[in-house]
Amino acid sequence: MGRHLVLALALTSLCIGLVTADWNILKQNRKHYGLKSSSLKNYCESWRINVEINNIREFEVVPQECIDYIKHYMTSAQYEADSQRAIEEVKLYLSTCCTMEGDGKDAWIFDVDDTLLSTIPFFKKHNFGGEKLNTTLLEEWMKESKAPALDHTLNLFNEIKNKGVKIFLISSRSEILRSVTVDNLINVGYHGWSSLILRGLDDEFMKVQEYKCWARKQLADEGYRIWGIIGDQWSSFGGLPSAKRTFKLPNSMYYLP
């Protein structure tokens, strides 16, 4: 009897172990594995937060289970509130941080895509990052010059400009998109930046972070004091020279290394 009991317990433990080892939150057959919607929501929220704090890097696609969650977030009032909160922190910083010299060398850097202009209309057609990014299709969409402004950043852009700070736009867009990018920016209300820096042929083989470091170095070598950078990608901030402060806007649809 005792021997039979021990054997039964051993078999039960083995079965539990097999089920546990085979369980994976990324399994698409959720019903089979008993994955509750609350668990999936928690997982996807955790995934998104870890993208935002730069723990998850160089992902090529949003996990399939999380596409609907990322879609909901990027089109929600929460995304707007999170973005606005970041803008408020910039304004608070500007109110206390900077002694402007008035010599034309005070500078602020903006990214373009998903900082000044929204690519959400494009990603609505491409699973909100659930498909591997097709840069050819993205550039064809950019050529239409129909990206809407992000209103919270447009207001900040004008506020910084009105302080007499030189605004530099450093984008990972290609130089061949200069004309359509300028048209798009002007059409949605952006005016008065000092320079739009785009990637030339010699920059195409550089990683985004390396290219943006190079662009900032050109500004620093010209004597500009870079008080801040705002962008949606960590590659907009990394490396030297940096700014006195950097501010990250939310974007978990794609990652640019």
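Let us look at the structure shown here. (Residues numbered from 1 in each chain as written. Predicted model: local features only at pLDDT ≥ 70, side-chain atom pairs only at ≥ 80, totals over all residues. Heavy atoms only, no water.)

1. Side note on the sheet that holds strand β4 (residues 225-231)
For sheets, the rule is that strands pair by backbone hydrogen bonds, running either parallel or antiparallel.
Step number 1: Spatially, the five strands line up as an open sheet ordered β3-β2-β1-β4-β5, and their pairing is parallel. Single-partner strands in this sheet number two, and they are β3 (195-199) and β5 (245-248). Going from strand to strand, the sheet's axes swing by 20 degrees on average, the running direction of each strand aside.
Step number 2: By the bridge criterion, four bridges tie β4 to β5 in an arrangement that is parallel. Pairing of Gly 228 across the sheet is with Arg 245, part of β5.
Step number 3: Across the sheet, helix α5 (residues 77-96) is in contact with β1 (106-110), β4 and β5; its angle to β5 comes to roughly 165 degrees. (Pairing = 2+ DSSP bridges. Helix = DSSP H or I, 4+ residues; strand = E, 2+ residues; numbered from the N terminus. Axes fitted to C-alpha atoms, helices over the stretch in contact; angles between N-to-C directions. Contact = heavy atoms within 4.5 Å.)

2. Quick word on the packing of aromatic side chains
Step number 1: Applying the stated rule across the entire model yields 13 aromatic pairs.
Step number 2: For the pair Tyr 93 and Phe 247, a centre-to-centre distance of 5.7 Å together with 50 degrees between the ring planes defines the contact as tilted. Taken together, the residues Tyr 93 in helix α5 and Phe 247 in strand β5 connect sequence positions 154 residues apart. Here Tyr 93 and Phe 247 have matching classes, each one buried.
Step number 3: Note on Phe 110 and Phe 157: the rings are 5.7 Å apart at their centroids and 55 degrees apart in plane angle, and the pair reads as tilted. (Phe/Tyr/Trp six-rings, centres within 6.5 Å; stacked < 30°, edge-to-face > 60°. Buried < 20%, exposed > 50% of the residue type's maximum accessible area, 1.4 Å probe, protein only.)

3. Focus on the environment of Phe 122
Step number 1: If you trace the backbone, Phe 122 turns up in helix α6 (residues 120-124).
Step number 2: As for Phe 122 and Lys 146, which are separated by 24 residues in sequence, their C-alpha atoms are 9.9 Å apart.

4. Some details on the pattern of salt bridges
Step number 1: Per the stated rule, a full pass over the model turns up twelve salt bridges.
Step number 2: A salt bridge links Arg 173 to Asp 113, with the shortest nitrogen-to-oxygen separation between them at 2.7 Å. Taken as a pair, Arg 173 in strand β2 (residues 166-174) and Asp 113 in the loop between β1 and α6 lie far apart in primary sequence, 60 residues in all.
Step number 3: Between Lys 217 and Asp 221 there is a salt bridge, with its nearest N and O atoms 2.9 Å apart. Taken as a pair, Lys 217 and Asp 221 lie in helix α10 (residues 208-221) at a separation of four residues, close to a single helical turn.
Step number 4: What makes Asp 221 exposed here is its relative accessible area of 54%.
Step number 5: The network of salt bridges with shared partners includes Asp 103, Asp 106 and Arg 225. (Salt bridge = Lys/Arg side-chain N within 4 Å of Asp/Glu carboxyl O.)

5. Focus: the state of the cysteines
Step number 1: The tally for this structure, following the rule as stated, stands at two disulfides.
Step number 2: At a sulfur-sulfur separation of 2.2 Å, the disulfide partner of Cys 44 is Cys 66. Every disulfide takes its handedness from the sign of the S-S torsion; for Cys 44 and Cys 66 that torsion is -85 degrees, giving left-handed. You can see Cys 44 sitting in helix α3 (residues 37-52) and its partner Cys 66 sitting in the loop between α3 and α4 (67-74), a full 22 residues away along the chain.
Step number 3: For Cys 97, the disulfide goes to Cys 98, at an S-S distance of 1.7 Å. As the torsion about the S-S bond is roughly -65 degrees, the Cys 97-Cys 98 disulfide counts as left-handed.
Step number 4: By sequence order of its bonded cysteines, the protein chain has the disulfide arrangement 1-2, 3-4. (Disulfide = S-S within 2.5 Å.)

6. What to know about the nonpolar core
Step number 1: The biggest cluster of nonpolar side chains holds 55 residues, and the ones touching the most others in it are Trp 108, Phe 110, Leu 169, Tyr 190 and Ile 230.
Step number 2: For this core, the leading source of residues is α5, giving six residues.
Step number 3: Judged by nonpolar contacts, the second largest core, of 14 residues, contains Ala 107, Met 206, Ala 215 and Tyr 224. (Core = buried A, V, L, I, M, F, W, Y, C linked by side-chain atoms within 4.5 Å.)

7. Regarding the side chain of Ser 252
Step number 1: Structurally, Ser 252 is set in the segment after β5.
Step number 2: Residue Ser 252 is classed as buried on the basis of its relative accessible area of 0%.
Step number 3: The residues touching Ser 252, leaving out its near neighbours within four places in the chain, are Trp 47, Arg 48, Val 51, Glu 52, Phe 59, Val 62, Ile 70 and Met 74.

8. Some details on unusual backbone geometry
Step number 1: Residue Leu 240 is joined to Pro 241 through a cis peptide bond whose omega torsion reads 0 degrees.
Step number 2: Position of Pro 241 relative to the elements: it lies in the loop between β4 and β5.
Step number 3: Unlike most non-glycine residues, Glu 58 shows phi in positive territory, near 55 degrees.
Step number 4: One can find Glu 58 in the loop between α3 and α4.
Step number 5: We note that Ser 145 has phi near 55 degrees; this positive angle belongs to a residue other than glycine.
Step number 6: Along the chain, the position of Ser 145 falls in the loop between α7 (135-142) and α8 (151-162).
Step number 7: Looking at Ser 145, the relative accessible area reads 16%, which means it is buried.

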